[in-house]
Structures are given as C-alpha cells and as structure tokens.
Amino acid sequence: MKKNEGSITSVVIATGISSVVAQLITIREFLAQLHGNEFVIALILFNWLVLGGVGTLMARLALRGYWKASIKRLAWMSVLLSCLPSIQILAVRWFRDVFFIHGVSVGFYQTLFYIFLTIAPYTLIIGFVLPYSLFVIRNLNPACSGIRIYLADNLGDIAGGALFSFFLVYFVSPMTALLLSNLPLLVFAYLLFPASGRSRIGILSGCGLALLILFSGVFLETASLSPREGELAFYGESRYGRIEVLRDRDQFTLLRDGRPVFSSHNFSMAEEIIHYPLSQIENAGHILLISAESGMMEELEKYKPAIVDYVELDPQITEIQFRFNLLKPFPGLNIIHKDGRAYLKETDTSYDAVIINFTEPDTFQINRFFTDEFFSMVKRRIRPQGIFSFSMEGFENYLSESQRRKLSCVYNTASEYFSHVTLLPGQRVIFLCTDSPVMTDIPQRLYQKGIQTDYISSFYYGNLTEERIIKLNELMDPAVPVNTDGSPRLIRLMFSEWFEKFAASPVGFIAVFSMLGLIYLFRIKREEFVLFTTGCMTMGSEILVIFAFQIFFGYVYFQIGLIITVFLAGLFPGAWQGHRLRQKGKGVLLFTDCLLIIFMAAFIMSILFIGDHLPIAFFFIFGALVSFACGFQFPAALHLRKDDNPAATRAFSADLIGAACGILVSSVFLIPYFGLVWTAVILMAIKIMSLIAVAAGNE
Amino acid sequence: MNKITRRQFLYCSAALFSASAIPAWAARPSGAKPGNEYGKEDVSGRVFRGDAPEKPWKWSHEGLFYDKLKNDRVICGVCPNRCNLAPGDRSVCRSKVNIGGTLYTLTYGNPCAVHLDPVEKKPLFHFKPRSKAFSIATTGCNLRCLNCQNWEISQVRPEDVRYSELFPKEAVEAAKGVSAESIAYTYSEPVTFFEYMIGTARIAKEEGIYNLLISNGYINREPLLELCRVVDGANVNLKSFSDSIYRKLNGGRLQPVLETFRTMHEKGIHFEITNLVVPGYADDQEMVKRMCEWIVESLGPDHPLHFLRFFPKYKLNRLPPTPLSTLTRFRELALSGGIRYVYLGNVPDNEGNNTYCHNCHKMLVERKGYLIPEYNLTGNRCKFCNTVIPGVWDEGGPGPV
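Nothing here was measured: the structure is a model prediction, and the numbers come from that model. (Residues numbered from 1 in each chain as written. Chains lettered and ligands numbered in written order. Predicted model: local features only at pLDDT ≥ 70, side-chain atom pairs only at ≥ 80, totals over all residues.)

### Here we look at the overall build of chain A
Broken down by element type, chain A carries 26 helices and 11 strands. Reported as C-alpha extents along the three principal axes, the dimensions of chain A are approximately 90 × 60 × 45 Å. Out of the 699 residues in chain A, the part that is buried amounts to 58%. Long-range contacts, defined as pairs at least 24 residues apart, comprise 81% of the intrachain contacts of chain A with a sequence gap of at least 6. (Helix = DSSP H or I, 4+ residues; strand = E, 2+ residues; numbered from the N terminus. Buried ≥ 20, exposed ≤ 12 C-beta atoms within 10 Å, placed from the backbone. Contact = placed C-beta atoms within 7 Å.)

This is how it looks when you write it as structure tokens:
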C-alpha cells in the first residue's frame, strides 16, 4: 500500500514537471503563431488556469461515483497526459490555418478562443488529475492530507520550471523538450499499473503509442513549421523567441515569432531610416544603431562613419543576418550583443546619431524604447548637434484617430527632451529629434552631401510632399499625456488599436467575465475567498514582475521560465511550513495576508524610489517571498475547511481561478490603464479585503 | 441517487456554459457581428442593420442608382453587393443609408483625404506623365481586402473621421487652384462615393480638368456607363484571377470586375490594370498566365498591366513580400503572352518601371520613381519608329522634371 502511495506521489511530481514545461512551450508557441505580446501571455495563462480550475471542479464527479477513483484510471490518464503536450503543440501549428486565413493576424477574441480550444483537452485533464490523485491515495489511506498532493505538485512544478529555464530553453527544440519532460511521467504512469493482469498487452500498447507520439513530435518538428511560400532556409529557437528564415526564390525573409521582420531586396525602408536622420547632421562620425534591417549597413557606410555601434539583443539574430547576407559588415562596425536600453544606461560614449529600428511598440519590451525615461537616457548620450531617430507604423493617406493619439503620445514624450521633433510620413512615420531645426528637403540635403540613393531621390517628392509633412505635424495633439515606464500609455493605445483593427470591443468579454466572476464569488466560503485573493495577488504579482522585468531589463522572453519558476519555488517550502502550523488556522491566514500586504507595499516603495536601479535579484526574491506566503496559507485554509475531498477540490479551484483572474485583470486592464504602481496598490487592496473578511469571521 | 444541490447545479451550469458557449462562439463565422466578415472562405461584408443616422446630414445626397421596394426598403444598384436596406440600415460600404425609404449617400462633399499626387503614383504610366492629380477620397469600400493599405478610411463610417468640406464645385476650384491637370477619385473606393464623384467629374469636365478613376472595379454596368461619360483615365485593380481568392482575401467576386474591364474597353476609356502579387495566393504562374490570356483576348494588348510587389499590411501581415524574381518572371510571361506594356510596381530602380516601344523596343520613358529623366515620345508616337503608343499623352511632351 505504501508502495502504491509512493508511486502515485511520483506520478504527481512527474505531472508537475510535464505541465510546467508544456505551459512554457505552449506560451512560446502561441507567441510565434499569434501575436508576440504580453496580452497573449496573459490570455494563455488565464485560459490555462480557468480550464485547470474547471477540471479540478469536475473531479468532484469522481466523488459522486460517476467515475470512481482508481489507480488504473489514474495511470491511464497519466499516459494520456504524457503525450498530449506534443499533440497540443502540433495542433496549435496545424489548426492555425484551419481556423484562420493563412497569413492574417488575429484579433483579441479569435486569440482568446483559439487558445481556449487548443489547450482545453490538456488543461482540463491536468486540472482533473490533481484532486483525482488525492482521491486515489485516500482510497488507500483515508488519513492522507490534501497537502501531500499539493506539495508533490509544487515540487514537480519547480523541477519543471528549473529544467526548462536552465537546460531545455538553451539546448533543445520544443518537441524534444516535450519528449524529455514527459518521459518520466510515462515511465511512472506505466509503473502505476498493477504488475499482473489480463490487460498487459493493452497497457504496453497504450504506453508504446504515447512514446511513439512523443518521438513523432520530434520528427515532425520542422515539417510542422514548413511555410506555404518558399522553403524554410533556417529554423531556430533562440532564448528570446523563434527565428525563421524563409527562402522564396532568391529572396530571404527573416521572421521573428512568425512575423516577417524584413527581407532582402527591400532597400527603400533602409534608405528612409538611415538617410532621413543622417542627412540632418554635419558629422556622422559615431553612430549608435539599435537593431537593424536589411540594407542598412550599405546606407550607413555612405557617410563613412568612424564607428557604428550596432546593438542587438539576440546574438542568433545577428549571426543569421550576416549568414544570409541581410546585413553586410564594414570597417568600423562594432556589434554589441546587449539590450539596447541597458547598453545606453551603462555606456559613456557620446553619439552624433542614435537610430532605433524597432517594429511597432506593441509589447512592453519595445515600449520601453519609447518612454520618457528612455528618451532622457538618449538625450544624455547625444552630442549637442546630434540627432535621435526612430519610427512607428506608417499610414498611406489618412491618419486615424487611434494612430494620431499614439503618435502624439510619443511626440509629446520626445518633445520634453528635444527642442525640434519632426515627423516624416514615409513608409513608416519617422521621428527626427534634435535641438536644431529639421530640414525636410531630404533629397536636397543628400545632394549637397554627395550621397546617392535609389528610393529617396526618385520617390521622396511624390510621397513626402511639404503639404503631407505639415499636415501630419499639425495633427499632433499636445493634450495627449506622455508615455512613461510606470504608466505605459502607449501600450493602452496599441491595445485599443488592436480592437479597432478587428472592429471588436472588449465590452462583451468584460461583461461575461464579470458575471461569471461574481457568481463564483457569491458562492464561495470565506477560506476559499482568501485562497482566491491570494491566487489573484500571487499571479498579479507575477505579471507585475514580468512587466517590470520587461521594462527595466527588456528580455522577459529569455527569463520568463525563470520568473515562473521563482513564483513556484516558494510554494513548496511555504506549504511545508504551513502544513506544520495548520492547526493555528485563522491566525495563519491573518499572518500570511499581512505578510502579502507588506511584500506588496515594499514592492511599491522600491519601484517608486529605486526604479530601474533595482537589481534582478530583487524581483526574484520578491517572487519567492510572495509564493512562500501563498504556499504557507494553503494548508491552513484547507484545514479550516476540514480537509475532506470536496474541500480539497474547492480549495484547489479557488486558488486556480483566483490566479486566472489575477493574471487577466492585471495584464489586460490594470497595468495598461493604471501603470505598475497603481496595479500593485489595487492588488494590495484586494488582499486587505481578504484580511478584513478573515478578521471579521469566526474560526 | 442523491438530489442535485443548488450549488452543484450552478457549477454544472457554469461548466456547461464554458464548455459549450465559448467554443460555439469561437467556431462561429468570424463576423457574426453585422458588417464584418462571413467567415474564413468568404470575407464579404454584410449590411449594418439599424446603423443609419436618424436624418440626413449636411453631406448627404439622394442615391443615384437605387430601387424602392415594399415596406420602405431600398436596394442600392451601384455595386454588385446590391445592398437591400430596410429603413435605418447602412450599406456594406458604410456610405449609403436608408432613411425613411429613401437611399442617401453620406459622402457627398466631405472628403477625408485630399492630396496632390504625381499621376505616376496612381499608378498611371500612360496618362499625361509628370502631371499632378488632385486626389480626393471619402470613407468607405464595398470590399474587405485583408491587405488594405487605406483601411483607416475604407473600413470606417463617414461620421467617424476628420473631413474637410469640399462640394463638387469647390473641389474643382481647389484642383484648379493647385494647377492639377486631373482630379483622381482614389485611396478608398470611389464607387462608394459615386454620387460625389460623378457630380464633381461633370463639373471638372466642363472646366477642362481630367477625371481619373482609381478603383477596384466592383461596380454595376449601368452606373459604370454613366461614369464612362466623364472619366478620362482609370486604374482598376484586378486583385487576382480566381473567384475563390477574391472571396477569401477581398470579400468580392471576380466576374463583376471582369465585366467592368470589358465595359470600359468597349467605351474606349484609357485604363491600366494593377495586379498585386500576394505570395501564397496570387503568385500562381498558371493563374497569371490565364489572366494574361484573358486580358489579350478580351481587352486587347494595349492596356498597360502593373504587377505590384506585396508588402505585409493591415491584417495580412504574416506573409513575406513578393520576391523580385517572381515579379520579373510574371512580367516576362505577360510580355510574351502578348500584353505590350507591363510594369513592376513598388520596386524602385528596375527596368520594369520604364516604357519600351512595343514595335522597336526602344526606351520611350525612363522612370526613376516619379521622375522622368528620359522621354522619347512625340505626341502619342514613338520618336524612333513613329508607332502610336496607347494612352493619353501631352502633345508637346510632359512638363518639367
């Protein structure tokens, strides 16, 4: 009997490993297939947790005798779980073109429902399995505490997070990572089956099939990514996301997270981005280029600069650019693999020109290059007659209101540091920021400098008429507030534009979400409310850390596994200690609620007063402490609810549903609309409500 | 068996709701909302029920081609969508509304985009080179192209944008004021502001200003014939030569567009054809071959054809740009198929931008973007072999570079 209990615990730990790796790989897959921003991360985690919560509630059916808990059933479910992540990733890739038109981006609702549908089978079972394992153990040993499963699950989660963050993300492809992380589960599931029995062949066939699926995933890895246009010349998963190079006849296109970034044979953009700013200055001796695209180096070289510092975060990107001749090296080119903002903060070099070449700032990672704080950094590093330039999405003939607000927001932010900010309506809207007047007759300036161009010299006078330039600059609205790190207004505007583009509104979603949330909140007990708010605050804090990390350090895609692991790491020791002190019941709840409020207050103070001087370790320690408090609280809450089977399922689901709400509300609503600090204050207020509820109630 | 409790009932209801309602919503055609798309295979627009304003505004005008039906319903006859509108409804293009049983256009004298462009930008390569076109557009479009480059005005209502007041007479005055030789009805879809366009074009014609139609060609024959009386040149977009691609990427049908070409050809209008080569959709060599054969058979060899390079835009932003070699190959294919003037667009500094005489093959017009460094036509004839070159040319050569 003891042996069986141990086997079940092993399966739970292996399930934890598998589920965390599956979650992280699924996040990366959706970022590549849909849209690589933080809202998508939030929607994935939201769906994951809600479906997990529903799965957990469904486990109660087992208690009612609909699907009686048995070791054999648990073993079969675990076999199924071991191969589902691979099927899930392949489904995400294949169904994209089944559900959506090939090549289109998708809107908020399509994203939400596509995620929901593709992850539902796996997450419902994952949610189901946890309490079901407890019921199976309790069939063997009725005295077994629910916290044992909670601890085992946490241990697996931490191991999975660490395995992904420290090994898998560096060395293997997604499908290989799924193979490696699911093998332990498959082995433990196999060992869970009774040693003898007539169904041995069936068990072996089932496990063999699961193994076959796992290996097939590895072999189908590249085939499942093959494009319809041309051929895949390169595929790689860097620490920061997916990189693909598409070859279509003689053209190479670089795709990052599924979106074409630039391709060969398109020099017009390179001309605009380089010559519009550099034509303004007399001496282009020392240039800083943050991120580059095809053809830019050739254009830069025409100015014969002494040094060009080219900063690119992802070393694999530069390697690919040079390998496929998308960029050409030249004397004086100095490649720096670092986050552009971190580089600018540390360097003492002064530049004649700083040119930033990013896609639209629709992620927090890119938004940090369009904030007040960043512009102030740039200003400090630019020589008196120098120029700073960046671009945003262009428009053909009419500037929409949403885009006008976006451009105005950035215009007003830049105007705080530069006395002359001029927008040129090229293929992208190019911002020229200097302390000298901007000369908009670019072809004339280039002619004076003796610089030849193909596109500008032939198309400028038709595309960028004086009338178009004046109209655009006159449309800038000084009333639009500036964009800051702490209050990323631009992200909110991008989010609104996303809805506008797809003629959608978030109102329907908010209404359904609020209604279901209220029904749930009215039905739960006080202890469950505490767990709900703790889940909400913990995941809200995790999102806060992800966003703050993105703002201050700019490479969350690399560190997201680590952040998630840290937020899991505290749960296990917390629950361990909490289990020892669970008899103190209400006192523990009060104590942990107070702790969480204090941690959040400390976080707010640190962000307010130290900001981007905070070390990375601060965020990790904060995450570990919050999760410790969360884990500490769970056994006490469970104990107060008598720790029987229905109480366990309700407690698990309260935690998951609270976490889902925390993620969604924080990332989609609170942070874009209220900024980091106010989001933290609101999360703290929610926890204060829970504290009052506990203090006011009887044990 | 135990009775189900109220709480269990609620949980089950919530679970059922999540499990059934949400996937059902997801699986619905991606545009159950009025006015959006039907679904994956056909992104056609739909009528906006109850979206019309209560009464006409200053920039309204009674529609020109429509029929009154029973119960105050009207049917718009300008484009093949033939929107059947009950009182209070708005058309697919968002410009026409039924107010009290009368069809009104809401885009009469309120352009939201007004610019002065080189005629080459339209693109029109055989129409008064180096001349300027006073270009106007109101909101609206009868298609739903996923790669629309003017979606900010084509996919919104007239009430939702900034606009200037420029009634037909004033528009013509404004064009004269900036010395434009032509007025181009362009950017969004001029068929949707048909009444405004034809009103302006009639006055312009009287004033000696040319009228240019830059359109998707999704128009019915009757209004088109009316338009042919006043239009001097046109660029019509043949988005692909496949009805299914038309439905999937554009929300329209191929046949009405082909009919437009036939009608314009029959009426002797100078028009040029553009074809955007979208990778994975419109880059099929066999389809392009069939398209060229149809052009030669139905329209003759003289209408210039422009193959445009695709760049990721609007919703269709996960495709790579068209490779240059694909465009070059299509140009060769079209030339060898008998089309005499084939150009490449969105490709700077390429020989596909120049005009070569179809008889002696010498360069007639060298184009560097919107600049014309070399011009070898005398009137409408090749300077080298005296062959007549189709198009509308200046007798004394084009204006200054």
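Next comes the rest of the account.
### Focus on the overall build of chain B
Of regular secondary structure, chain B possesses 9 helices and 19 strands. Counting only residues that meet the buried cut, chain B has 52% of its 401 residues in that class. Long-range contacts, defined as pairs at least 24 residues apart, comprise 67% of the intrachain contacts of chain B with a sequence gap of at least 6.

### Observations regarding the sheet that holds strand S15 (residues 355-356) of chain B
Picture the strands of a sheet paired through backbone hydrogen bonds; they go either parallel or antiparallel. All names here are of chain B. Sheet architecture is open: 3 strands sit in the order S15-S16-S17, paired in antiparallel fashion. The open sheet has two edge strands with one neighbour each: S15 and strand S17 (371-375). Judged from the 3 bridges that link them, strand S16 (residues 363-368) and S17 form a sheet pairing that is antiparallel. Bridged to Val 365 within S17 is Tyr 375. (Pairing = 2+ DSSP bridges.)

### Quick notes on helix H8 (residues 200-219) of chain A
Residues and elements named next belong to chain A. The end-to-end C-alpha distance of H8, which contains 20 residues, comes to 28 Å, matching closely the 28 Å that a straight helix rising 1.5 Å per residue would cover. All of the buried residues along H8 are Gly 206, Cys 207, Ala 210, Leu 214 and Gly 217. Summarising the axial view, the buried residues of H8 lie within an arc of 90 degrees, below the 170-degree limit, and thus occupy one face. Along H8, exposed side chains directed more than 90 degrees from the buried face belong to Arg 200, Ile 201, Leu 204, Ser 205, Gly 208, Leu 212 and Phe 219. (Expected span 1.5 Å × (residues − 1). Arc of directions from axis to C-beta.)

### Digging into the domain arrangement of chain B
All names here are of chain B. Each assigned domain of chain B is listed here: domain 1 (113-353) and domain 2 (365-401). Between the C-alpha centres of domain 1 and domain 2 the distance comes to 22 Å. Contacts between the two partners involve 16 residues from domain 1 and, on the opposite side, 12 residues from domain 2. (Domains from an automatic or database assignment.)

### Quick look at the pairing of strand S13 (residues 305-309) of chain B
All names here are of chain B. Along S13, 5 of the 5 residues are buried, which leaves the element largely enclosed by surrounding structure. The alternating pattern of S13 places Leu 305, Phe 307 and Arg 309 on one face and His 306 and Leu 308 on the opposite face, and all of these are buried. Where strand S12 (residues 270-277) lies against S13, 5 bridges are found, and the strand directions are parallel. Across the sheet, the residue bridging to Leu 276 is Leu 308, located in S13. Note that the unit made of S12, helix H8 (residues 285-299) and S13 has a crossover that is right-handed. With 4 bridges connecting them, S13 and strand S14 (residues 342-345) associate as parallel partners. Across the sheet, residue Leu 308 finds its bridge partner in S14, namely Gly 345. Read as a crossover between parallel neighbours, the route from S13 over helix H9 (residues 324-336) to S14 is right-handed. (Right-handed = clockwise from strand over helix to strand, strands pointing away.)

### As for the pairing of strand S6 (residues 102-105) of chain B
All names here are of chain B. Relative to S6, strand S1 (residues 61-62) runs antiparallel, the two sharing 2 bridges. Across the sheet, Glu 62 pairs through a bridge with Tyr 104, a residue of S6. Sheet topology places strand S5 (residues 96-99) next to S6; 4 bridges connect them, and they run antiparallel. In the sheet register, Ile 99 faces S6, and the bridge partner there is Thr 102.

### Let's talk about the interface of chain A and chain B
Counting residues at the interface gives 46 residues for chain A, matched by 49 residues for chain B. Secondary structure elements with two or more residues in the side of chain A that touches chain B: helix H2 (38-58), helix H5 (108-140), strand S2 (241-248), strand S3 (251-256), strand S4 (259-263), helix H17 (455-463), helix H18 (466-474) and helix H20 (507-523) of chain A. Among the elements that make up the side of chain A that touches chain B, the one with the highest residue count is H17 of chain A (5 residues). For the side of chain A that touches chain B, the class distribution of residues is 19 nonpolar, 16 polar and 11 charged. (Nonpolar A, V, L, I, M, F, W, Y, C, P; charged D, E, K, R; others polar.)

### Remarks on the confidence of the model for chain B
Low pLDDT means the predicted coordinates in that region are not meant to be read closely. All names here are of chain B. On average, chain B scores 90 in pLDDT, and the residues at 70 or more come to 89%. Below pLDDT 50 for its whole length, residues 1-38 participates in 42 contacts with residues either more than four positions away or in separate chains. Across the interfaces of the predicted complex, the ipTM metric reaches 0.87, alongside a pTM of 0.88. (pLDDT = per-residue confidence, 0-100.)

### Remarks on the packing of helix H4 (residues 71-99) of chain A against H5 of chain A
All names here are of chain A. At a minimum axis separation of 8 Å, H4 and H5 run at an interaxial angle of 170 degrees. Taken together, the axes of H4 and H5 are roughly antiparallel relative to one another. Of the residues in H5, those touching H4 at Ile 71, Leu 74, Met 77, Leu 80, Leu 81, Leu 84, Pro 85, Gln 88, Ala 91, Val 92, Phe 95 and Phe 99 are Tyr 114, Thr 118, Ile 119, Pro 121, Tyr 122, Ile 125, Ile 126, Val 129, Tyr 132, Ser 133 and Val 136. By residue class, the composition of the contact of H4 with H5 is 20 nonpolar, 3 polar and no charged. (Axes fitted to C-alpha atoms, helices over the stretch in contact; angles between N-to-C directions. Parallel < 35°, antiparallel > 145°, perpendicular 65-115°, else oblique.)

### So, the packing of helix H23 (residues 571-580) of chain A against helix H25 (residues 616-640) of chain A
Residue and element names in this part refer to chain A. Two elements in contact, H23 and H25, have axes whose closest approach is 6 Å; the angle formed by their N-to-C orientations is 35 degrees. In this structure, H23 meets H25 at a crossing whose hand is right-handed. Residue-level inspection shows Leu 571, Phe 572, Pro 573, Gly 574, Ala 575, Gln 577, Gly 578 and His 579 of H23 in contact with H25, the latter providing Ser 627, Phe 628, Ala 629, Cys 630, Gly 631, Phe 632, Gln 633, Phe 634, Pro 635 and Ala 636. Classifying every residue of the contact of H23 with H25 by side-chain character gives 11 nonpolar, 7 polar and no charged. (Left-handed = near helix turned anticlockwise from the far one by under 90°.)

### Considerations on H23 of chain A
When H23 of chain A is considered as a whole, its buried residues turn out to be Leu 571, Phe 572, Gly 574, Ala 575, Gly 578 and His 579 of chain A. Summarising the axial view, the buried residues of H23 of chain A lie within an arc of 160 degrees, below the 170-degree limit, and thus occupy one face.

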